[in-house]
Every structure is written in structure tokens, then in C-alpha cells.
Amino acid sequence: MSKWTTILTKRSYLSISTLLFALAVACQTNTEPDPTPKPDPGTGGGVVYKPTPITLHQPGNFPDVIYNLTNNPLTVEGVALGKALFYDPQLSRDSTVSCAFCHQQFAAFGHSDHALSHGIDSKFGTRNVPGLQNLAWEREFFWDGGVTSLDELAMTPIQNPVEMDLKFADALSRVQKSPKYPAMFKAAFGSDTVTTARFLKSISQFLLTLVSADSRYDKYVRKEAGGELTSDELAGLNLFQQKCATCHATDLFTDRSYRNNGLPVSAINDQGRYVVTLNEADRLTFKVPSLRNVERTFPYMHDGRFTTLEQVLDHYRSGVKDSPTLDSVLKANGKLGIALTDTEKKQVIAFLKTLTDDTFINNRAFSPN
């Protein structure tokens, strides 16, 4: 949620949250009301619980969805509940920080104000906030992949002491006591009982609707009106496919892998996925981010050290630092980095800006009101 990329310490706080989630759901398995529609005796057997189904948008140029929608079907009512929770600051200890506090729509649901996540009491975390988009096509979350289910994601930032700093049981209690939520839970799940599973699944439903696939590049690929690219943009696309698409693959612009891209280790000394796996091969590796809406999701890298795309490409041209886990694509033929002329750098950046999806960024369905 707000600052979903922050890690509690350099240990795996995420693993603790995942365990708590599993225990909470397991404890509720036999006690929570069945959300199956029930006849209403006062209406001659009519169905009270009748949510309105939504079909998840599957762009023609995207791979198949990964998220299992059969376990959490999208409904108008579930998405509305999830959106209300996403924008609700009472899910933080002092009721000042919501998920949307950091995941701001104008920044493609990222946070351009700070290099590192910025949470309760103006505390800072250790990692940059990425944009939220196309989460139905993801298997793992956070820069280190410490959470492996979208339905478990919200628990971590809510409880993280430098993000929202609220015990999850207290968050549920606040929602249960709020006058606006019982009717929303009943509409979404057939009962006004607020449970861990329903809370988390409703947030997932809203997040699943955040599909970004209407950029100028998408229209170009799908041969739709408005998809014209300039000569520089086309040259940049060609260069990107040659030099960048190994990692930023498919039209999701990520292969979902974890790689060491040669950044010098900062004072934070973030060891990346190694914190989760304790595998030496994962030291200093981080999840390859999608480049969709990259023009809006600055600053860049896991610690937000670069503020411009020019700085990012300059790193790949001349700033790559060798180490035992440096990705092999960055030391081909005995040379570090990616060779780009000044002209080629400008062309690649011109192409990257065609990935900006103004329809997504301005979609009122994702806004609080």
C-alpha cells in the first residue's frame, strides 16, 4: 500500500507478514460466514447477495493473466470496496497515511516526491516506490520478491513501522467499526463481517483493475488509430529491442527476473533478493521493473538514485560496476555496460516516452471520487 517497496529492516519482514496472513486465513476457514447468496425470507426466496461481475481487461498484446481469478472473481462491489480501502488513511496508526499516499495516480501510482518510500511520521524506508500497474501479470512483489501473492500484499505495508505502522488486527477493527463499510462488505461478499480474506481480496480486486495498455506504443503494436511513431521513436524501439529487451521483455516490459544491473552499493547497503533467499547468487539482485509509464515513475532504480532517464542510460553506458553477481548481459565481450551513442540515447528515451499511458493516468475510475 503506501510505500509498498519499503523493507522493515534489512531482514525479511515480508516473510513474517506472509506467515501472519496464512495463520489469519487458516483460523477463519471454519468460522467466517459463507458468502454464497442466501434466499431472503422476506422476499419470497429472492437472492439478497447479487454482485455485478467484471471481466478483467486482457489487452491483445499482453501474455495470459497469471492471477487466479476463479479464487477472487472481480465484481463492481468488490472493486468499489477495495478502492475505498486503498484511499482510506485510517489504515495507518495516526490515520494520516493511506495506500494512495505514496501510490499516486498522476505518477502512474508511484511516488515522484521522494527517492525512498516516505511513510508515517515522515519516516523513510530503504527502497523506491514503483508504480502499480498490470499486477494480474505478476507472480512476486516488492523489489526482492518477498511476497508471492497479490492477496497477501497489503498486510506488509500496513504493519511496517516506517510505512503505516498499524497492527493488522487493529486495521480490521477500525474497518469493522466504521459506519460506511458494513454495507460495502455485504454488497461485495454477502455478509457485513469484516474478515482478513475479504479485506485483502477486495484490495486485490481494485488493484487488478489497474491495467495500463493504451499508450501510443500499444496503439502502434495493435495498429490502432493514434499509434503513429516518429522516425526517432522507431529508431529507439529498434535499439531497445536489440539492447534492452533481454530484461525488459514482452509488452509488459519486464521478464519478472531478478538481476544485478551494476549499481554501486549505496550507504544503505541493500543486498536485494539475497535478503529473502540467502542465496549468494541473489546478492545485489533486484526485480526487473516494468518500463510502462516510465516517464512518470521517476526517480529510478530500487533506491531512487537517478532522477532522469538520461541518468539511467548514462549508468548503463559508463557507470556499471562489476561484481560476482553482475548480470551477464552487462559484461558481454569483456566490456561492461551497454554501448550507446549520444544520438542512440536520445532515440531510446524518445521511444520510452511512447510508453506513457495518459488514459490510465487520467482514468477517473481509479480516482478516489
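What you see is a predicted model, and the numbers here were worked out from it, not measured in a lab.

Procedures and definitions
Residues numbered from 1 in each chain as written. Predicted model: local features only at pLDDT ≥ 70, side-chain atom pairs only at ≥ 80, totals over all residues. Heavy atoms only, no water. Helix = DSSP H or I, 4+ residues; strand = E, 2+ residues; numbered from the N terminus. Buried < 20%, exposed > 50% of the residue type's maximum accessible area, 1.4 Å probe, protein only. Contact = heavy atoms within 4.5 Å. Areas by Shrake-Rupley, 256 points an atom, 1.4 Å probe, with all protein chains shown as cover. Core = buried A, V, L, I, M, F, W, Y, C linked by side-chain atoms within 4.5 Å. Axes fitted to C-alpha atoms, helices over the stretch in contact; angles between N-to-C directions. Parallel < 35°, antiparallel > 145°, perpendicular 65-115°, else oblique. Nonpolar A, V, L, I, M, F, W, Y, C, P; charged D, E, K, R; others polar. Salt bridge = Lys/Arg side-chain N within 4 Å of Asp/Glu carboxyl O. Arc of directions from axis to C-beta.

## What to know about the overall build of the chain
(1) Moving on: Broken down by element type, the chain carries 13 helices and four strands.
(2) Moving on: In the chain, buried positions account for 53% of the 369 residues.
(3) Moving on: Intrachain contacts of the chain at a sequence separation of at least 6 include 70% that bridge at least 24 residues.
(4) Moving on: For the chain, the computed accessible surface area is about 16,300 Å², with 55% contributed by carbon and sulfur atoms.

## Thoughts on the nonpolar core
(1) Moving on: In this structure, F199 and L207 are the most contacted members of the largest nonpolar core, which totals 52 residues.
(2) Moving on: For this core, the secondary-structure elements that each account for two or more residues are α2 (76-86), α3 (99-102), α4 (155-159), α5 (168-177), α6 (181-189), α7 (196-208) and α13 (358-361).
(3) Moving on: With six residues, α7 is the single largest residue contributor to this core.
(4) Moving on: Apart from the residues lying within four places of it in its own chain, the contact partners of F199 are L85, L91, I158, F168, L172, V175 and F185.
(5) Moving on: Judged by nonpolar contacts, the second largest core, of 26 residues, contains F253, L291, V312 and I349.

## Remarks on unusual backbone geometry
(1) Moving on: Between F298 and the following residue, P299, the backbone shows a cis peptide bond with an omega angle of -5°.
(2) Moving on: Phi at F109 is positive, roughly 60°, even though this residue is not glycine.
(3) Moving on: Relative to the helices and strands, F109 is located in the loop between α3 and α4.
(4) Moving on: By relative accessible area, which is 0% here, F109 ends up buried.

## Some details on the packing of α5 against α7
(1) Moving on: Relative orientation of the contacting elements α5 and α7 amounts to 85°, with a least axis distance of 11 Å. The orientation of α5 with respect to α7, classified from their angle, is roughly perpendicular. Residues F168, L172 and V175 of α5 form the contact with α7, whose own contacting residues are T196, F199 and L200.
(2) Moving on: Among the residues forming the contact of α5 with α7, the class breakdown is five nonpolar, one polar and no charged.

## A few points about the pattern of salt bridges
(1) Moving on: Applying the stated criterion to the full structure yields 18 salt bridges.
(2) Moving on: A salt bridge links R93 to D121; the nearest nitrogen and oxygen atoms lie 2.5 Å apart. Placement of the pair is R93 in the loop between α2 and α3 and D121 in the loop between α3 and α4, with a sequence separation of 28 residues.
(3) Moving on: By relative accessible area, D121 is classed as partly exposed at 46%.
(4) Moving on: For R127, the salt bridge goes to D144, with nearest N and O atoms at 3.0 Å. Here R127, found in the loop between α3 and α4, pairs with D144, found in the loop between α3 and α4; they are 17 residues apart in sequence, far enough to count as distant. Side by side, R127 and D144 carry an identical accessibility label, which is buried.

## Regarding the side chain of Q104
(1) Moving on: Here Q104 is to be found in the loop between α3 and α4.
(2) Moving on: Owing to a relative accessible area of 16%, Q104 belongs among the buried residues under this scheme.
(3) Moving on: In this view, Q104 contacts F109, G110, H111 and D113; residues no more than four positions away in its chain are not counted.

## Description of α6
(1) Moving on: Among all positions in α6, only Y181, F185, A188 and F189 are buried. Down the axis, α6 shows its buried residues gathered within 75° of arc, on one side only.
(2) Moving on: Residues of α6 that are buried make contact with α2, α5 and α7.
(3) Moving on: Positive phi shows up at G190, right after α6, with a value of about 85°.

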